[in-house]
Every structure is written in C-alpha cells, then in structure tokens.
Amino acid sequence: QVQVVESGGGLVQAGGSLRLSCAASGRTFVNIDWYRQPPGKEREFVAGINWNGCTTNYADPVKGRFTCSRDNAKNTVYLQMDSLKPEDTAIYYCYGKSRFSVGPGSWGQGTQVTVSS
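Here's a quick rundown of the structure. (Residues numbered from 1 in each chain as written. Predicted model: local features only at pLDDT ≥ 70, side-chain atom pairs only at ≥ 80, totals over all residues. Heavy atoms only, no water.)

## Some remarks on the sheet that holds strand β8 (residues 76-81)
Phase 1 of the analysis: In space, the four strands of this open sheet follow the order β1-β3-β8-β7, with antiparallel pairing throughout. The open sheet has two edge strands, β1 (3-7) and β7 (66-71), and neither has a second partner. Ignoring strand direction, the axes of neighbouring strands in this sheet form an average angle of 20°.
Phase 2 of the analysis: Looking at chain direction, β7 and β8 are connected through six bridges and run antiparallel. By the bridge assignment for β8, Cys68 is matched with Leu79. (Pairing = 2+ DSSP bridges. Helix = DSSP H or I, 4+ residues; strand = E, 2+ residues; numbered from the N terminus. Axes fitted to C-alpha atoms, helices over the stretch in contact; angles between N-to-C directions.)

Given below as structure tokens:
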C-alpha cells in the first residue's frame, strides 16, 4: 500500500504562489492526483500526473496557473500554484495509487491553502 504525505500549504495573498509537495512511499510507479475541498463544498479534482511524469491533466479552473511535476529520485510530486485566487482556498489532498495496484489508493492528511484578497 502506498503512503502519501502532503506539505507546503499556507496563507498567501491573491496573485501569489505556493508549491505543495506530496511525498510517496511504500510502492513504486505511483500515479498521483491532487484534489481540494473548499469550505462547505465537495472534494474536487485539481491535477494529476502519471508515474513517469509523461502525462499530466488539470481541471479547467486551474489550467494555465497550476503545474504538476515530479522528482522520482525523491519520490515526490509537486503542485506549483501561481496566480492564486481567493477561490483556490481549500484543503489540498494528495491521492496516490501504484499503476500495478488493483485495489484503492491512499489519501494524505491534507494541507490547508488560504488565499486572501
């Protein structure tokens, strides 16, 4: 079973940037997705990157502002968030699943991102 741990959240002004990290352990060839849950709303998909970094995809609200990358030597995936908006305020979660796994993946504990106007 893969384990994932997020870090890097914080408070930033609108227009600013943050970089989140998702450290994975326990399995290799792990696909990573980022989700977020704004206050009072459902959890939603933000971005994803496959195990070798060759494929990424993004939700429409973050396209052109967020960039997902990975350093497999460090078993870490990054979510670079630029031009942040107050509506990006949410708890951000990392979800990891090995490409060889037939069972469910694993969620991290989440990291809070707050964007002030």
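## Points about the pairing of strand β9 (residues 90-98)
In regular strands, side chains alternate between the two faces of the sheet.
Phase 1 of the analysis: Among the nine residues of β9, seven are classified as buried, and the element is accordingly described as predominantly covered.
Phase 2 of the analysis: Direction of pairing for strand β4 (residues 30-37) relative to β9: antiparallel, over a ladder of eight bridges. Counted as the bridge partner of Ile32 is Gly96 from β9.
Phase 3 of the analysis: Pairing analysis gives three bridges linking β9 to strand β11 (residues 111-116), with the strands arranged antiparallel. Paired with Ile91 across the two strands is Gln112, which belongs to β11. (Buried < 20%, exposed > 50% of the residue type's maximum accessible area, 1.4 Å probe, protein only.)

## Examining unusual backbone geometry
Phase 1 of the analysis: Although it is not a glycine, Asn75 sits at a positive phi angle of roughly 50°.
Phase 2 of the analysis: For Asn75, the location among the structural elements is in the loop between β7 and β8.
Phase 3 of the analysis: Judged by its relative accessible area of 43%, Asn75 is partly exposed.
Phase 4 of the analysis: Of note, the phi angle at Ser83 is positive, near 50°, even though the residue is not glycine.
Phase 5 of the analysis: Tracing the sequence through the fold places Ser83 in the loop between β8 and β9.
Phase 6 of the analysis: Judged by relative accessible area, Ser83 falls into the partly exposed class, the value being 41%.

## Here's the deal with the state of the cysteines
Phase 1 of the analysis: Applying the stated criterion across every chain yields a total of one disulfide.
Phase 2 of the analysis: The disulfide bridge from Cys22 ends at Cys94, spanning 1.8 Å between sulfur atoms. Around the S-S axis, the bridge from Cys22 to Cys94 shows a dihedral of about -65° and counts as left-handed. Note that Cys22 is positioned in strand β3 (residues 18-25) and Cys94 in strand β9, a separation of 72 residues in sequence.
Phase 3 of the analysis: With relative accessibility at 0%, the residue Cys22 sits in the buried group.
Phase 4 of the analysis: The closest cysteine sulfur to the non-disulfide-bonded Cys54 is located on Cys68, 13 Å from its own sulfur.
Phase 5 of the analysis: Looking at the unpaired Cys68, the closest cysteine sulfur is the one in Cys94, lying at 8.6 Å.
Phase 6 of the analysis: Overall, Cys68 belongs to the buried group, its relative accessible area being 5%. (Disulfide = S-S within 2.5 Å.)

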